[in-house]
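# Notes for the structure review
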Amino acid sequence: MPFPPTAVVLLGASMSTQDSDIVIRIENVSKHYQMGDTLVKALDDVSVQIQRGELLSIMGPSGSGKSTLMAILGCLDGPTNGSYWLDGDYVHLLKDDRLADIRGRKIGFVFQQFNLLPRTSALDNAMLPLYYNGVSGKQRRDRAMQALELVGLSDRWHHRPNELSGGQQQRVAIARSLVNNPAILLADEPTGALDSRTGKEIMELFKRLHDERGITVCIVTHDSGVARQTNRIVHIRDGKIDKDERL
Ligand SMILES: Nc1ncnc2c1ncn2[C@@H]1O[C@H](COP(=O)(O)OP(=O)(O)OP(=O)(O)O)[C@@H](O)[C@H]1O
Ligand SMILES: [Mg+2]
């Protein structure tokens, strides 16, 4: 089904031109949950900017707010308070359908459990995001094949997930995340379900995509070994940014 034209989703202020290298900018973002008498501050007044072409990680212990932050950055959920600009658009006041449209065009997601369709080939899995963007059948195939080449899996295009190793499945998921040419790739614990050697290979792939293709990558992890392979670590604790470390 076609999405509304781009102009419809541009709401409110756009960022000024000197901010065009900023992919993500959140200011004073909070996310609160009322649980009976207790107010849980999953995120508490968080401000962060991500430049185009960065390879960074968001690191913190369990319950620190990483997935909550990731859900907001990925337009899967809205904040309780604060402002959010994504690739120049002021997004935090958008309704669900508009958010879904922006998400589909601007964000590539990679998850711990790969989230591939089981009875579907690597090629068809990689093509999936293009069904919602009005791309023709031939173009879908070509672009998905290119994405599989980029992750080194073009010779496995016809394999189903259960005919691939964990690392190969995660490569298909990465190909799927890239096929729309998103402004940023968000990965939540992308090596969490893999053994350490395969996890290293996946981190090498992210680094290569960043170094050779200039792709902006944000990796959420509790693992300092993973975080140290990126160029910047945003440390989060109790819903607040503890330290913003350039490596
Ligand atoms: N839907 C919700 N309702 C109530 N509280 C929530 C909800 N989602 C998250 N929280 C709370 O917000 C805090 C942050 O949770 P979050 O899932 O973001 O942590 P995390 O850093 O991703 O942890 P982990 O490393 O275990 O995945 C936790 O205290 C959690 O219990
Ligand atoms: Mg989490």
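Presented here is a report on the structure given in the accompanying data block. Since the structure is predicted, the reported quantities are computational estimates derived from the model, not experimental observations. (Residues numbered from 1 in each chain as written. Chains lettered and ligands numbered in written order. Predicted model: local features only at pLDDT ≥ 70, side-chain atom pairs only at ≥ 80, totals over all residues. Heavy atoms only, no water.)

### Examining the nonpolar core
What counts here: Each nonpolar core is a collection of buried residues, namely Ala, Val, Leu, Ile, Met, Phe, Trp, Tyr and Cys, held together in the definition by side-chain atoms within 4.5 Å. Three exposure classes are used, based on accessible area relative to the maximum for each residue type with a 1.4 Å probe and protein chains only: buried under 20%, partly exposed in between, and exposed over 50%. Secondary structure follows DSSP: runs of H or I at least 4 residues long count as helices, runs of E at least 2 residues long count as strands, and numbering of each begins at the N terminus.
Within the largest apolar cluster, 35 residues are counted, with the highest numbers of intra-cluster contacts made by Leu148, Val172, Ile174, Leu178, Phe206, Leu209 and Ile219. Where this core is concerned, the elements lending two or more residues are helix 4 (122–131), helix 5 (137–150), helix 6 (166–178), strand 7 (184–188), helix 7 (196–213) and strand 8 (217–221).

### Topic: the pairing of strand 4 (residues 81–86)
Quick reminder of the rule: Strand pairing is defined by DSSP finding a minimum of two bridges between the two strands.
Here strand 1 (residues 22–35) runs beside strand 4; their pairing, made up of 5 bridges, is antiparallel. Within the sheet, the bridge partner assigned to Ile26 lies in strand 4 and is Tyr84. Two elements, strand 4 and strand 5 (residues 89–90), share 2 bridges in a ladder whose sense is antiparallel. Within strand 5, the residue paired with Trp85 across the bridge is Tyr90. With antiparallel pairing between neighbouring strands as the criterion, strand 4 and strand 5 make up a hairpin whose turn holds 2 residues, including Asp87 at a positive phi of roughly 50°.

### Quick notes on the layout of surface pockets
Here is the rule: Residues are called lining when one of their atoms sits within 4 Å of a cavity or pocket point, these points coming from a 1 Å grid over the protein atoms alone, where a cavity is a set in which a 1.4 Å probe fits but cannot get out and a pocket is an open set with protein on both sides within 12 Å along at least five of seven lines. Grid points are joined across faces, edges and corners, and a volume is the space filled by probe spheres set on the points. Each residue gets one of three labels, nonpolar for Ala, Val, Leu, Ile, Met, Phe, Trp, Tyr, Cys and Pro, charged for Asp, Glu, Lys and Arg, and polar for the others, Gly among them.
Taken as a whole, the largest pocket holds about 480 Å³ of empty space. As for the largest pocket, its lining consists of 19 residues, and the residues nearest its centre are Gly104, Ile107, Phe109, Pro129 and Tyr132. Among the elements of the structure, helix 3 (96–106), strand 6 (107–110), helix 4 and helix 6 are those that each provide at least two residues to the lining of the largest pocket. Its boundaries defined by the atoms lining it, the second largest pocket holds a volume of some 350 Å³. In terms of lining residues, the second largest pocket is bounded by 16 residues, among which Leu150, Leu178, Val179, Asn181 and Ile215 are the most central. Considering every element that reaches the lining of the second largest pocket, the biggest residue donor is helix 5, with 5 residues. Taken together, the residues that form the lining of the second largest pocket break down as 8 nonpolar, 4 polar and 4 charged.

### Focus on the pattern of salt bridges
Under the convention used in this document: Definition used for salt bridges: Asp or Glu carboxyl oxygen within 4 Å of a side-chain nitrogen of Lys or Arg.
Considering all chains together, one arrives at 15 salt bridges under this definition. A salt bridge links Glu201 to Arg197, with the nearest nitrogen and oxygen atoms 2.9 Å apart. Linking Glu201 with Arg197, this pair stays in helix 7, spanning 4 residues, or about one helical turn. Of the residues examined, Arg197 reaches a relative accessible area of 56% and is grouped as exposed. The residue Arg232 makes a salt bridge to Asp244 at a minimum N-O spacing of 2.8 Å. Remark: Asp244 occurs in strand 10 (residues 240–246) and Arg232 occurs in strand 9 (residues 232–237); sequence separation between them is 12 residues. Residues participating in the shared-partner salt-bridge network are Glu54, Arg232, Asp244 and Arg246.

### With respect to helix 4
Along an α-helix, residues three or four apart share an orientation, since each turn contains 3.6 residues. Filter applied, for reference: Note on definitions: a residue-residue contact is assigned when non-hydrogen atoms from the two residues lie within 4.5 Å.
The element helix 4 is extensively covered by neighbouring structure, given that 7 of its 10 residues are classed as buried. The inward-facing, buried residues of helix 4 contact helix 5 and helix 6.

### Quick notes on the site of ligand 1
As a reminder of what qualifies: Throughout this document, a residue counts as near a molecule or strand when at least one of its heavy atoms sits within 4 Å of that molecule or strand. What qualifies as a polar contact is a pair of N or O atoms within 3.5 Å, subject to a donor-acceptor requirement within protein and to the restriction that residues adjacent in sequence count only when both atoms come from side chains. Accessibility throughout is a Shrake-Rupley quantity obtained with a 1.4 Å probe, and a residue counts as covered only by protein chains that appear here.
Taken together, Tyr33, Met35, Val40, Ala42, Pro61, Ser62, Gly63, Ser64, Gly65, Lys66, Ser67 and Thr68 make up the full set of residues adjacent to ligand 1. Measuring from an oxygen atom of ligand 1, one finds a side-chain N or O atom of Thr68 at 2.6 Å. Contact with the protein chains removes 60% of the 640 Å² of surface that ligand 1 exposes when unbound. Of all the elements in the fold, those that place two or more residues in the shell around ligand 1 are strand 1, strand 2 (38–51) and helix 2 (66–73). Looking at which element gives the most residues to the shell around ligand 1, the answer is helix 2, with 3 residues. By residue class, the composition of the shell around ligand 1 is 5 nonpolar, 6 polar and 1 charged.

### Concerning unusual backbone geometry
Non-glycine residue Asp87 carries a positive phi angle of around 50°. Located in the positive-phi region is Asn115, a residue other than glycine, with phi close to 55°. On the basis of relative accessible area, Asn115 is assigned to the partly exposed category, the value being 42%.

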